Amino acid sequence: MKVLPKKFFERDPALVAKELLGKILVRKLNSKILAGKIVETEAYYGKEDPASRASSGRPKYCVKLLHDDPGKILVYMVHGNWLFNIIAHEKRKVGAVLIRALEPLRGIEEMKKNRKVKKIFDLTNGPGKLTKALKIDKRFNGISVTDKNGEILIVEGKKEKFEIASSHRIGVTKDLKRKLRFYVKGNRFVSR
DNA sequence: AGGAAGATCTACT
DNA sequence: GTAGATCTTCCTA
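Small disclaimer: the values here were computed from a predicted structure and weren't measured.

### Some details on the nonpolar core
Core analysis: the biggest nonpolar cluster contains 39 residues, and Phe9, Leu20 and Phe84 have the highest contact counts within it. No other element matches strand β2 (residues 32–45), which puts five residues into this core. Ignoring sequence-local partners within four residues, the contact set of Phe84 consists of Leu25, Ile73, Leu74, Val75, Val97, Leu98, Ile99, Leu130, Thr131, Ile136 and Ile152. Core analysis: the next-biggest nonpolar cluster, separate from the first, contains nine residues, Ala54, Leu74, Tyr76 and Ala96 among them.

Written out as structure tokens, the structure reads:
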């Protein structure tokens, strides 16, 4: 299992979001390992992006972390759900990638317990759901996913072919014109 | 104190 | 499929 290097995240958020599809998100929980394939992401920019947490009226730690080093985790609460982001941007720019959906691979029973649902398709097919399934919350703010010994990291997935589709972002009141949501076409774990 | 926020659950047309 | 209540911080007044 190869952990993604920090360099991976030092690029344009939209590019990182796209390439994150098919990668594996690993969550170490005590001795157990929960893992899922990333099947849906969204890119967010700095204050020029009205939906970004860098725009005014957002929690200040969000603003701070968005300017921070790529590869760090940003978690923040909205509508009673924790949303899991990874900082990603070119040098001296601002941005992040939101992980919207996973396809569960390991520790599925554990995820079911955390989510209290039976259907596997309801486990991680939404940003608020996957954080519950993986027990991710505010504590992880500022921790880097490129740290091998960390509790959360991202590794290379299998080499497989899949089609990437894009659309406008979901739930955003003021979106940009660009399509910044990316997902694996035909995958059942993609939300909606 | 008030309100808004990258959502989710439930209960229906 | 859509509609509404409810969700938990954090910002601004």
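### Here we look at the protein's contact with DNA strand B
Around DNA strand B, the surrounding shell holds 20 residues, and the nearest of these are Tyr44, Arg53, Arg58, Tyr76 and Gly128. Sugar and phosphate atoms form 46% of the subset of DNA strand B atoms that lie within 4 Å of the protein. A distance of 2.7 Å is found between a phosphate oxygen of DNA strand B and a backbone nitrogen or oxygen belonging to Gly128. Elements supplying a minimum of two residues to the surface near DNA strand B: β2, β3 (73–78), β4 (81–87) and α5 (127–133). Partitioned by chemical class, the residues of the surface near DNA strand B number nine nonpolar, six polar and five charged.

### Some points on unusual backbone geometry
Despite not being glycine, Lys116 has its phi angle at roughly 60°, a positive value. By the secondary structure assignment, Lys116 is in the loop between α4 (108–115) and α5. A relative accessible area of 72% means that Lys116 is categorised as exposed. Of note in this structure, Lys135 is not a glycine but carries a positive phi near 55°. Along the chain, Lys135 falls in the loop between α5 and β6 (152–155). By relative accessible area, Lys135 is classed as partly exposed at 42%.

### Quick notes on the protein's contact with DNA strand C
Around DNA strand C, the neighbouring residues are Gly57, Arg58, Pro59, Lys60, Tyr61, Met77, His79, Gly80, Trp82 and Lys138. Those atoms of DNA strand C that come within 4 Å of the protein belong to sugar or phosphate at a rate of 90%. Residues belonging to the surface near DNA strand C are distributed by class as follows: four nonpolar, three polar and three charged.

### Considering the side chain of Arg181
Secondary-structure assignment places Arg181 in strand β8 (residues 181–184). Judged by relative accessible area, which is 7%, Arg181 ranks as buried. Looking at Arg181, its side chain comes within polar contact range of the side chain of Glu40, at 2.6 Å. Of note is the side chain of Arg181, whose polar atom sits 2.9 Å from the side chain of Ser167. Ignoring any residue separated from it by four or fewer positions in sequence, one finds Arg181 in contact with Glu40, Thr41, Glu42, Arg100, Ala165, Ser166, Ser167, His168, Arg169, Ile170, Val190 and Ser191.

### Digging into α4
Along α4, the residues classified as buried are Glu110, Met111, Asn114 and Arg115. Buried residues along α4 cover an arc of 125° about the axis, so they all sit on one side. Along α4, the residues that are exposed and aim more than 90 degrees away from the buried face are Glu109 and Lys113. Contacts made by the buried residues of α4 are with β1 (24–29), β2, β5 (95–106) and α5.

### Quick word on helix α2 (residues 13–20)
Inspection of α2 places Pro13, Ala14, Val16, Ala17 and Leu20 among the buried residues, and these make up the whole buried set. Along the axis of α2, the buried positions cluster into a sector of 165°, meaning they face one direction only. Buried residues along α2 sit in contact with α1 (6–9), β2, β4, β5, β6 and β8. For α2, the N-terminal cap is Asp12; the gap from its side-chain oxygen to the backbone nitrogen of Ala14 is 2.9 Å. Where α2 ends, the next residue or the one after it, Gly22, has phi of about 90°, a positive value.

Reading the values: the criteria
- Numbers given for residues are sequential positions, taken from 1 along each chain in its written order.
- A letter from A marks each chain and a number from 1 marks each ligand, given out in the order of writing.
- Selection of residues for local features in this predicted model requires a pLDDT of at least 70, selection of side-chain atom pairs for listing and counting requires 80 or more, and totals for whole chains, interfaces and linings are taken over all residues.
- The basis for every side-chain value is the complete set of heavy atoms in the structure, and neither hydrogens nor water enter the calculation.
- Buried Ala, Val, Leu, Ile, Met, Phe, Trp, Tyr and Cys residues that are joined via side-chain atoms within 4.5 Å together make up what is termed a nonpolar core.
- Throughout, exposure labels follow a simple rule: accessible area from a 1.4 Å probe, protein chains only, divided by the maximum for the residue type, with under 20% read as buried, over 50% as exposed, and the rest as partly exposed.
- A helix here means a DSSP run of H or I that spans at least four residues, while a strand means a run of E at least two residues long, and both kinds are numbered starting from the N terminus.
- Note on contacts: a residue pair qualifies if any of its non-hydrogen atoms lie within 4.5 Å across the two residues.
- To be near a molecule or strand, a residue needs just one of its heavy atoms within 4 Å of it.
- In protein, a polar contact requires one atom able to donate a hydrogen and another able to accept it; more generally it is a pair of N or O atoms within 3.5 Å, and residues adjacent in sequence count only if both atoms are side-chain atoms.
- Each residue is assigned to one class: nonpolar for Ala, Val, Leu, Ile, Met, Phe, Trp, Tyr, Cys and Pro, charged for Asp, Glu, Lys and Arg, and polar for all the others, Gly among them.
- Each direction from the helix axis to a C-beta atom contributes to the arc, which is the arc of those directions.

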